[in-house]
Every structure is written in structure tokens, then in C-alpha cells.
2 protein chains.
Amino acid sequence: MNDRQRARYQARADILKALAHPTRLFVVEELSRGERCVCELTEMVGADMSTVSKHLALLKRAGIIVDDKRGSQVFYTLRMSCVLNFLSCAEKVLKADARDRAAAAR
Amino acid sequence: MNDRQRARYQARADILKALAHPTRLFVVEELSRGERCVCELTEMVGADMSTVSKHLALLKRAGIIVDDKRGSQVFYTLRMSCVLNFLSCAEKVLKADARDRAAAAR
DNA sequence: GCCGCACTTGGCGAGTTGGCCAAGCGGCCA
DNA sequence: TGGCCGCTTGGCCAACTCGCCAAGTGCGGC
């Protein structure tokens, strides 16, 4: 694995890393239903607004969501909706594991 | 977000986290071409064998790959090949970013 | 049995992440 | 213009990650 290759994999890993957090997955799924302001997301997540804001900044830097300032509010929108496909695969992994554990227990 | 929901998102996040590392992405892609033993992967990655072994253990625990001990060697195989779809989406994100940056610079 | 090989595990240091608190910043209304 | 509101940023600490080294395990050949 040379430097060029490593950089390519690093770039992809950064995107996955941006999604690899329960709060951020929740936000992505919620944004898939339409735009939301920080205050709405904060309430849904149930954490400090500063914490949510940092998660949003991270997702934005990764290019997954975009922000739109309107007056004193900031609305976020999902930009790369294909990330939702990740979740269906993750679900498959979980289901396969559950099946295997059940089979092993039997 | 209640505890039950949080657990669901946590489980998904764990799978994404398992993939969110350049070395592990490389391994996954390599295994998509067929089974490989630890020594082969170690050489390709160019890191210590103990390091590679830990990455493999992590991917295995996440349910993404499976191992098959044969004599003194251990061969790993991709179990959830759908994770490859992740990469095509990651690529899309990167392309979109490159395009936007080019547009902004213009 | 014992050595060597392939691999895993434990441990350590350096760097990163995630949460809250507190402070800062910009828009809006009185 | 002063103060509130929505949001972001900086600081801090605890927890986690990643890499290497060293030690341990288990199979196979001599």
C-alpha cells in the first residue's frame, strides 16, 4: 500500500468515520425526512446544543449535509442521500449476526 | 431518542466504525477478491503483523469477515460483501466535494 | 519433545473523540 | 442601543484508538 493508495483509503475512511456515531446516524436519518434546524435536532437527540452543533459541523465538513442560515436559525439538509444505503447494509450485518448467534445457541 | 432507539443506532454505528479505517477498508477490498491469510495481508498493508491481526479481529467481531484456521495459517473471507456498496457512495461524496471546490475556486 | 512459524494478546505512549460548561457572535425586536 | 435568542467555538477531562514491542498460543516438522 503506497502513499497514494493510503490517501484514497483515508479519504473514504473519513466519510465512514463521520457517520460512525449514534447521534450522527440519527441526525442523518432525520434529515432524510426533510430539513431541520439545530434547535429541533437538539431536542430530538436530547443532548446539549453545543454537542449537537459539533456533530453537525463534523457531518458538514465530511460533505454529507449542508447548512442554510435563515435569520437567526440554521437549517441543515442531507446532501448525500446515498448514505442511507449504508444503513440497510448495516441492518443486514446485524440480522446475520442474530441468526448465527441463534444457530450457535441451538 | 430513547434508550431502545439509541441502542439501535449504536449497533449500526459500531459497524460503520469497524470500517472507518484506511487499513481495514483496504483489507475489505482485498478480501472481496478472495480469501487471504494474515501473512499476505500483513505484507500488502506494510505494517506489523500484530497490528493487522488486531484490525482483522475487529472486523470479525463486527461480523464483516470470517476466519478459517487451516494448519498454522488463518484465512479470512469477506462475509458481508454489501459493505462494498459503501465505498461507491463514499466515492460519490468525494467527487461531489471536488466538484464544489472547483466551482468555488472558479 | 522441542524448535520454528503463523498468529493473537497484553501493555504502553501518543494522539483523537465526545460530552458538558462557559464564553463569543450575529440577527432580531423592543 | 440594549438585551434576548439561536448557534458556534474554546477549554477541559475522561474514554477510546492505533501503532509498535514483547510475550503467549498452537500447529507442524525434525
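Conventions used here
- Residues numbered from 1 in each chain as written.
- Chains lettered and ligands numbered in written order.
- Predicted model: local features only at pLDDT ≥ 70, side-chain atom pairs only at ≥ 80, totals over all residues.
- Heavy atoms only, no water.
- Core = buried A, V, L, I, M, F, W, Y, C linked by side-chain atoms within 4.5 Å.
- Buried < 20%, exposed > 50% of the residue type's maximum accessible area, 1.4 Å probe, protein only.
- Contact = heavy atoms within 4.5 Å.
- Near = heavy atom within 4 Å.
- Polar contact = N/O pair within 3.5 Å; in protein donor to acceptor, adjacent residues only side chain to side chain.
- Helix = DSSP H or I, 4+ residues; strand = E, 2+ residues; numbered from the N terminus.
- Nonpolar A, V, L, I, M, F, W, Y, C, P; charged D, E, K, R; others polar.
- 1 Å grid on protein atoms, 1.4 Å probe; cavity = no way out; pocket = protein on both sides within 12 Å on 5 of 7 lines; lining within 4 Å.
- Points joined across faces, edges and corners; volume = space filled by probe spheres on them.
- Pairing = 2+ DSSP bridges.
- Axes fitted to C-alpha atoms, helices over the stretch in contact; angles between N-to-C directions.

This part takes up the nonpolar core. Leu19 and Ile64 of chain A together with Leu19 and Ile64 of chain B are the most contacted members of the largest nonpolar core, which totals 65 residues. If we ignore the near neighbours within four places in the chain, the residues touching leucine 19 of chain A are Leu25, Val28, Leu59, Ile64, Val83 and Phe86 of chain A together with Leu16 of chain B.

Another aspect to go through is the protein's contact with DNA strand D. In the region of DNA strand D, 21 residues are neighbours, and Cys39, Ser53, Lys54 and Tyr76 of chain A together with His55 of chain B sit closest. Here, DNA strand D places atoms within 4 Å of the protein, and 63% of those atoms are sugar or phosphate. Arginine 24 of chain B is positioned such that a nitrogen or oxygen atom in its side chain is 3.1 Å from a phosphate oxygen of DNA strand D. For DNA strand D, a base nitrogen lies 3.0 Å from a polar atom in the side chain of lysine 54 of chain B. Counting residues per element, the ones that place at least two in the surface near DNA strand D are helix H3 (38–45), helix H4 (49–61) and strand S3 (73–78) of chain A together with helix H4 (49–61) of chain B. Classifying every residue of the surface near DNA strand D gives seven nonpolar, nine polar and five charged.

Next up on the list: the protein's contact with DNA strand C. Lining the immediate surroundings of DNA strand C are 20 residues, of which His55 of chain A together with Cys39, Ser53, Lys54 and Tyr76 of chain B lie closest. A share of 61% is what sugar and phosphate atoms reach among the atoms of DNA strand C within 4 Å of the protein. Between DNA strand C and threonine 51 of chain A, the relevant distance is 3.0 Å, taken from a phosphate oxygen to a side-chain nitrogen or oxygen of the residue. A distance of 3.2 Å separates a phosphate oxygen of DNA strand C from a polar backbone atom of valine 74 of chain B. Listed by contribution, the elements that provide at least two residues to the surface near DNA strand C are H4 of chain A together with helix H3 (38–45), H4 and strand S3 (73–78) of chain B. Among the residues making up the surface near DNA strand C, the classes are represented as seven nonpolar, nine polar and four charged.

This paragraph deals with the layout of surface pockets. There is about 260 Å³ of room inside the largest pocket. Forming the boundary of the largest pocket are 14 residues, of which Arg61, Ala62 and Gly63 of chain A together with Asp97 and Arg101 of chain B lie nearest the centre. Looking at the lining of the largest pocket, the elements that each hand over two or more residues are helix H1 (3–19) and H4 of chain A together with helix H5 (84–105) of chain B. When the residues that make up the lining of the largest pocket are grouped by side-chain class, the tally is seven nonpolar, one polar and six charged.

Let us now look at the sheet that holds strand S2 (residues 65–70) of chain A. Sheets are built from strands paired through backbone hydrogen bonds, the pairs being either parallel or antiparallel. Residues and elements named next belong to chain A. Across the sheet, three strands lie side by side as S1-S3-S2; this open sheet has antiparallel pairing. Among the strands making up the open sheet, the edge pair consists of strand S1 (36–37) and S2. The pairing of S1 with S3 spans two bridges and is classified as antiparallel. Bridge assignment links arginine 36 to a residue of S3, and that residue is tyrosine 76. In the packing of helix H2 (residues 22–31) onto the sheet, contacts are made with S1, S2 and S3, and the angle to S3 comes to roughly 85°.

Before going further, it helps to spend a moment on the environment of valine 66 of chain B. Of note, valine 66 of chain B is situated in strand S2 (residues 65–70). The exposure class assigned to valine 66 of chain B is partly exposed, which follows from its relative accessible area of 36%.

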